[in-house]
Amino acid sequence: MEAASRQTRRREGPLLPSCPARRDVTVHARESQLHPIDPIESSRHLQRRLFLAAKRNRNRRFHALYDRLVRPDILWRAWREVRANAGAPGVDGVSIESIERSGVEMFLAELAVDLKAKVYRPQPVLRVEIPKPDGRSRPLGIPTVRDRVVQQACRLVLEPTFEASFSESSYGFRPRRSATQAVTRVKSVLVRDWWVVEVDIESFFDTLDHELLLDLLFRRVSDRRVLKLIRLWLQAGVFVDGRRESTIRGTPQGGVISPLLANVYLHMLDRIWETRHAGLGQLVRYADDFVIVCRRREDAKQALEVVRRVVRSLKLKLHPEKTRVVDLGRDGFDFLGFHVHKLSSKRTGRLLPYMWPSRKAMSHVRAVLHEQTSRTRLHVELPELVAGLNRIIRGWRAYFRVGNSTKKLADLDRYLRSRLWRFLSRRRSRGYLKPSAFVAWLAGSGLDAFYPPGRGRLQPCTP
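Asks: Just checking my understanding: could you explain the confidence of the model for the protein for this structure?
Replies: For residues with low pLDDT, the predicted coordinates do not support detailed interpretation. Overall, the prediction assigns the protein a mean pLDDT of 87, with 88% of residues at 70 or greater. Scored below 50 in pLDDT, residues 1–36 makes 51 contacts in the model with residues more than four places away or belonging to other chains.

Asks: How should I be thinking about helix 17 (residues 435–445) in this particular structure?
Replies: It helps to recall that an α-helix has 3.6 residues per turn; residues three or four apart then point in one direction. Turning to helix 17, its buried residues number three or more, namely Phe438, Leu442 and Ser445. Buried residues in helix 17, looked at end-on, bunch into an arc of 70 degrees, giving them a common side. Among the exposed residues of helix 17, those oriented more than 90 degrees off its buried face are Ser436, Ala440, Ala443 and Gly444. Packed against the buried residues of helix 17 are helix 15 (382–400) and helix 16 (406–427). Phi turns positive one or two residues past the end of helix 17, at Gly446, with a value near 85 degrees.

Asks: What is the right way to read the sheet that holds strand 11 (residues 333–335) from this model?
Replies: Think of a sheet as strands paired side by side through backbone hydrogen bonds, with each pair either parallel or antiparallel. Taken together, the 3 strands give an open sheet; going across it, the order is 11-12-13, and neighbouring strands pair in antiparallel fashion. A single partner strand is all that each edge strand has here, and the edge strands are strand 11 and strand 13 (351–357). Strand-to-strand twist in this sheet, taken as the mean axis angle between neighbours without regard to direction, amounts to 35 degrees. Of the pairings in the sheet, the one linking strand 11 to strand 12 (residues 338–344) comprises 3 bridges and is antiparallel in character. Residue Phe335 lies in a different strand from strand 12, and its bridge partner there is Phe338.

Asks: Got a minute to help me understand the packing of aromatic side chains in this structure?
Replies: Applying the stated criterion to the full structure yields 12 aromatic pairs. On the basis of an interplanar angle of 35 degrees and a centroid distance of 4.2 Å, the ring pair of Trp396 and Phe400 is categorised as tilted. Residue Trp396 and its partner Phe400 are located together in helix 15, separated by 4 residues, close to a single helical turn. We note that Trp396, like Phe400, is buried. One aromatic cluster is present, formed by Phe338, Trp396, Tyr399, Phe400 and Phe450 through successive ring pairs. Here the basic side chain of Arg366 rests over the ring of Tyr415, its NZ or CZ set 5.9 Å away from the ring centre.

Rules used in this analysis
Residues numbered from 1 in each chain as written. Predicted model: local features only at pLDDT ≥ 70, side-chain atom pairs only at ≥ 80, totals over all residues. Heavy atoms only, no water. pLDDT = per-residue confidence, 0-100. Contact = heavy atoms within 4.5 Å. Buried < 20%, exposed > 50% of the residue type's maximum accessible area, 1.4 Å probe, protein only. Helix = DSSP H or I, 4+ residues; strand = E, 2+ residues; numbered from the N terminus. Arc of directions from axis to C-beta. Pairing = 2+ DSSP bridges. Axes fitted to C-alpha atoms, helices over the stretch in contact; angles between N-to-C directions. Phe/Tyr/Trp six-rings, centres within 6.5 Å; stacked < 30°, edge-to-face > 60°. Lys NZ or Arg CZ within 6 Å of the ring centre and 35° of its normal.

Next comes the structure, spelled out in structure tokens:
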């Protein structure tokens, strides 16, 4: 009896509401009492087991994942991560705040019931247009909060099984990997290599083939319930100008599951390159943005032809104007917001790779700063203005500090102080602000700097 009792499996208890005074608990069948269990840790434990199982056998196919994504700890963690990312409501108009007012536990319990009964159906994605710095717009899809939670739960379960086989050259939307690492890797390879194949896939997220994607997923996941769930998201359609449009290709940018699906889709490119063409050069990919660094011109040209064939087999298309071979001895290229170029080192005289914010990135951040300090915001209280500017400054500085960006960051400091000078002058009745008064306000405002004073020879900028 004791041995049988020791082998009794633990049952998962009900989700508890998010209350700081209480801890999430589960019920142990053997002891029939409550024990504190952290749902974050239990979900991570599941992810670790899935990752190790996939790592041990690269050809293993997982057939029982649907039951795991409806687990209370997985749904609870999915909700917390969706809430942390915030975001606007979808087509149903239900916001994160309204769900919290109605009760998170009830929301997740009803969602779990629908998933277990297999009656869950996603709603169309709300399509909005995000303006680009060049005047064009980028379509962004906003799923409902309910759909975002289910997508996040699915991603928590699926991601470890694919992470075990993803390539080291892939950096986009992966745990413990970042765009900064990708750019740094490109720079390190360019110390000895000179030719770069700059690749741009035209409208990747809008033209991704559904059947091919599901076939690639099926190679790792044989649970047809999970595959059906993904198919439902792909075919849910988009809501544009008050009417629903069907989607026969692509996955919405803004969907929680979309980055993982993009990596699964382009993993075929990584695999073909590593197994057949790695001798031509080093491929570095961040989602659908990637470059290939080669030593010789002939290798770069051959690499471009290989990429054309592989991309065509994936039913995609290269952008004819943005895909090119770059000679770093004469020209540079843009990658993930950085401009990369080879210049003579002041210390050794050797040509070495340098990188700094690209012209497009500089134009974008200037536009953001201009909007924050425009006439239409003269009514904003100064502490609120400074807090908003600091969020922009710190995020931008944290990303671009890895490059040779000192001059560009100093230029932005000068630009921002000029904008603030005009902003504060307009707030005054006489329309003029003495330099001494502006410097005094700046010193006590708490405003951060793109390139803080005291580093090197850079001094604070005055108007």
